[in-house]
Amino acid sequence: MSHLAALLLVAAAAATPPEQESVTPGTPPEAPRTLALADAVRSAVEHQPQLLQARAAAEAAAARSDLARSGLLPQLNGTASYSRETANFTPRPGLTTSAARASSSWDTVNFWSFGATLSQLVFDFGQTSGRWRAALASADAQRSSERMTRIQVVLGVEIAYFTARAGKDLVRVARDNLANQENHLRQVEGFVRAGARPDIDLAQARTDRANAEVQLINAQNAYDTEKAQLAQAMGLEAATELDVGDDQLPPVAGEGERLEPLFAEALANRPDIAALEQQARAQELTLGSLRGAYLPMLGASTGIATAGQALDSTATNWNATATLTWNLFQGWATHAQSREAQANLDAARAQVALLRQQTRVDVEQSRLAVRAAKQALSAADVALVNAQQRLRLAERRYETGVGSAIELGDAQVALTTAAAQRVQAEYSVSTSRAQLLRALGREVPGA
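Residues numbered from 1 in each chain as written. Predicted model: local features only at pLDDT ≥ 70, side-chain atom pairs only at ≥ 80, totals over all residues. Heavy atoms only, no water.

### Description of the nonpolar core
Now for step 1: Leu35, Val157, Tyr161, Leu230, Val244, Val363 and Leu440 are the most contacted members of the largest nonpolar core, which has 40 residues in total.
Now for step 2: Breaking this core down by element, the ones donating at least two residues are helix 2 (37-47), helix 4 (127-193), helix 5 (199-233), strand 4 (242-244), helix 6 (259-269), helix 8 (333-399) and helix 9 (405-440).
Now for step 3: Per-element accounting of this core gives the leading share, 11 residues, to helix 4.
Now for step 4: Among all residues touching Tyr161, those that are not within four sequence positions of it are Leu35, Ala36, Leu37, Ala40, Leu230, Val244, Gly245, Asp246 and Asp247.
Now for step 5: With 21 residues, the next largest nonpolar core counts Leu170, Ala387, Tyr398 and Ala411 among its residues. (Core = buried A, V, L, I, M, F, W, Y, C linked by side-chain atoms within 4.5 Å. Buried < 20%, exposed > 50% of the residue type's maximum accessible area, 1.4 Å probe, protein only. Helix = DSSP H or I, 4+ residues; strand = E, 2+ residues; numbered from the N terminus. Contact = heavy atoms within 4.5 Å.)

### A few points about unusual backbone geometry
Now for step 1: With a phi angle near 60 degrees, Phe125 is a residue other than glycine that sits in the positive phi range.
Now for step 2: Position of Phe125 among the secondary structure elements: in the loop between strand 3 (108-123) and helix 4.
Now for step 3: Residue classification places Phe125 among the partly exposed residues on the basis of a relative accessible area of 36%.
Now for step 4: Although it is not a glycine, Trp332 adopts a positive phi angle of roughly 65 degrees.
Now for step 5: On the secondary structure map, Trp332 appears in the loop between strand 6 (315-325) and helix 8.
Now for step 6: Under the relative-accessibility criterion, Trp332 is labelled exposed at 62%.

### Let's talk about helix 3 (residues 49-69)
Now for step 1: Along its 21 residues, helix 3 runs 30 Å from first to last C-alpha, staying within 8% of the 30 Å computed at 1.5 Å per residue.
Now for step 2: Buried within helix 3 we find Leu51, Ala54, Ala58, Ala61, Ala62, Ser65 and Ala68. For helix 3, the buried positions fall inside an angular range of 120 degrees around the axis, keeping them on one side. Exposed residues pointing more than 90 degrees away from the buried face of helix 3 are listed as Pro49, Gln53, Glu59 and Leu67.
Now for step 3: Residues of helix 3 that are buried in the fold lie against helix 2 and helix 4.
Now for step 4: The backbone nitrogen of Gln50 has a side-chain oxygen 3.1 Å away, supplied by the residue at the start of helix 3, namely Gln48. (Expected span 1.5 Å × (residues − 1). Arc of directions from axis to C-beta. Polar contact = N/O pair within 3.5 Å; in protein donor to acceptor, adjacent residues only side chain to side chain.)

### Focus: the pairing of strand 3
Now for step 1: Of the strand pairs in this sheet, strand 2 (residues 75-86) and strand 3 are connected by 12 bridges, and their pairing is antiparallel. Bridge pairing in strand 3 places Gly78 opposite Ala116.
Now for step 2: Examined bridge by bridge, strand 3 and strand 5 (residues 297-308) share 11 bridges and lie antiparallel to one another. Across the sheet, residue Ala116 finds its bridge partner in strand 5, namely Ile304. (Pairing = 2+ DSSP bridges.)

### Some points on the sheet that holds strand 2
Now for step 1: If you trace the four strands from one edge of the open sheet to the other, you get 2-3-5-6, paired in antiparallel fashion. Sheet topology places strand 2 and strand 6 at the edges, where each strand pairs with a single neighbour. Taken pair by pair, the neighbouring strands of this sheet meet at an average axis angle of 20 degrees, ignoring direction. (Axes fitted to C-alpha atoms, helices over the stretch in contact; angles between N-to-C directions.)

### Examining a nonpolar patch on the surface
Now for step 1: The grouping of Val122, Phe123, Phe125, Tyr294, Leu295, Leu298, Leu324, Trp326, Leu328, Phe329 and Trp332 at the surface amounts to a nonpolar patch, some 1,200 Å² of accessible area in total.
Now for step 2: Within the secondary structure, Leu295 sits in the loop between helix 7 (271-291) and strand 5. (Patch = residues over 30% accessible without salt bridge, like charges linked within 9 Å, V, L, I, M, F, W, Y side chains within 5 Å. Areas by Shrake-Rupley, 256 points an atom, 1.4 Å probe, with all protein chains shown as cover. Salt bridge = Lys/Arg side-chain N within 4 Å of Asp/Glu carboxyl O.)

### Focus on the packing of helix 8 against helix 9
Now for step 1: Where helix 8 contacts helix 9, the axes come no closer than 7 Å and their chain directions differ by 160 degrees. The orientation of helix 8 relative to helix 9 falls into the category roughly antiparallel. Here helix 8 and helix 9 pass one another in a crossing that is left-handed.
Now for step 2: When grouped by side-chain class, the residues that make up the contact of helix 8 with helix 9 number 25 nonpolar, eight polar and 13 charged. (Parallel < 35°, antiparallel > 145°, perpendicular 65-115°, else oblique. Left-handed = near helix turned anticlockwise from the far one by under 90°. Nonpolar A, V, L, I, M, F, W, Y, C, P; charged D, E, K, R; others polar.)

### Topic: the pattern of salt bridges
Should the charged atoms of two oppositely charged side chains come close, the side chains can pair.
Now for step 1: Tallied over the entire structure, the rule returns 24 salt bridges.
Now for step 2: Across the pair Arg442 and Glu265 runs a salt bridge whose closest N-O atoms are separated by 2.6 Å. Of the two residues, Arg442 is situated in the segment after helix 9 and Glu265 in helix 6; the sequence distance between them amounts to 177 residues.
Now for step 3: Of the charged contacts, one joins Arg438 and Asp362 as a salt bridge, the two residues approaching to 3.4 Å between their closest N and O atoms. One end of the pair, Arg438, is in helix 9; the other, Asp362, is in helix 8, and 76 residues separate them in sequence.
Now for step 4: We classify Arg438 as buried; its relative accessible area is 17%.

### Topic: the packing of aromatic side chains
Now for step 1: Under the definition given, this model contains six aromatic pairs.
Now for step 2: With a centroid separation of 4.6 Å and 45 degrees between ring planes, the pair formed by Tyr82 and Trp112 is classed as tilted. Of this pair, Tyr82 sits in strand 2 while Trp112 sits in strand 3, placing them 30 residues apart in sequence.
Now for step 3: An aromatic cluster of at least three residues, connected via ring pairs, comprises Tyr82, Trp112 and Phe114.
Now for step 4: A cation sits over an aromatic face here: Arg197 above Tyr398, 4.1 Å from the ring centre. (Phe/Tyr/Trp six-rings, centres within 6.5 Å; stacked < 30°, edge-to-face > 60°. Lys NZ or Arg CZ within 6 Å of the ring centre and 35° of its normal.)

So, in structure tokens, the structure goes:
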């Protein structure tokens, strides 16, 4: 039965034995709860660290846009100071005063000072406003990236769910195979005792039964491993006792359409395309703000200050100031920054073009994969029905003494193979539809 062993061992090739959990003596183990696909997706959206990180990055980008906007708003600063100091007079060259000589004393006096200054940028040829609009575009890009991360996380948990579901079905296939092998063993034992069959048939039946038990153990171990991977995709630190349900993805609207309308939908909906376009827009705005540095900047400020040796005897002064600042030469710094921004803009536009091309391939591959998977599922159904009929005929032939143990074993292998192929075909239909949803930029309803 080497073909049967190879079939189910492939599914468990990457599996490792699960750790034994401690159970309190006298406490019956809890029955695993059945996990629906919607619950798995909801858990991933709430707990997946990758998505939480993307949300935090989007919030940080929004905060940076608020920071960039602050340069356009009034700035109000207040100061207050107290000092204990000497009051010696020190003449300065060119200063006319009645005091002829400098005084020197270690006597100290109090000195209080309070002030407030209000300043406002008037005009800087788009330097500050350009940086703000660039930060807004970057924040929009980060929000789009968050949406794309959400779609990727949902895709990951869907694939993990369907993988575990396929593993559960393979456990069922292995369990059915073991039950059939046990029935065959009992049948062969009766024939051998009656002298109707040689002893070699009994040895073969016992071997087949033992192999079927090994395959069931491996399939169950693979299923447990896949449930642990599903828990990780759901954002859980440890696999809880659960049993996946039989949920499937319904047909995707438009999955049978031609490529062009689906591609147009993907271009309009894909958050990663929107993110790159917004990043390109941010680079374009950054370039404009940098070029504004070639021109002057106009600002205005007003302030009021009061100072004196005692709080009840201070003198108050007020001022208003207009400032024109023009960085005439900065060692070609503005020119270099503009060149860098232009190069970043060119790179961002190239990334958009590259992603559009990749999106077309993604949509086409996913659409064709769905079509092929549905056709394969139909063929697998036919193969399974015929394999079941073949096993029934082989069992009857063996019972009547016409068939051989080899024929019976081959029929059992064919049935198990056909059942496993149907599991794989059903898995391919669900995962292909999940990939198509991702390629189109659609989110699973209720996620």
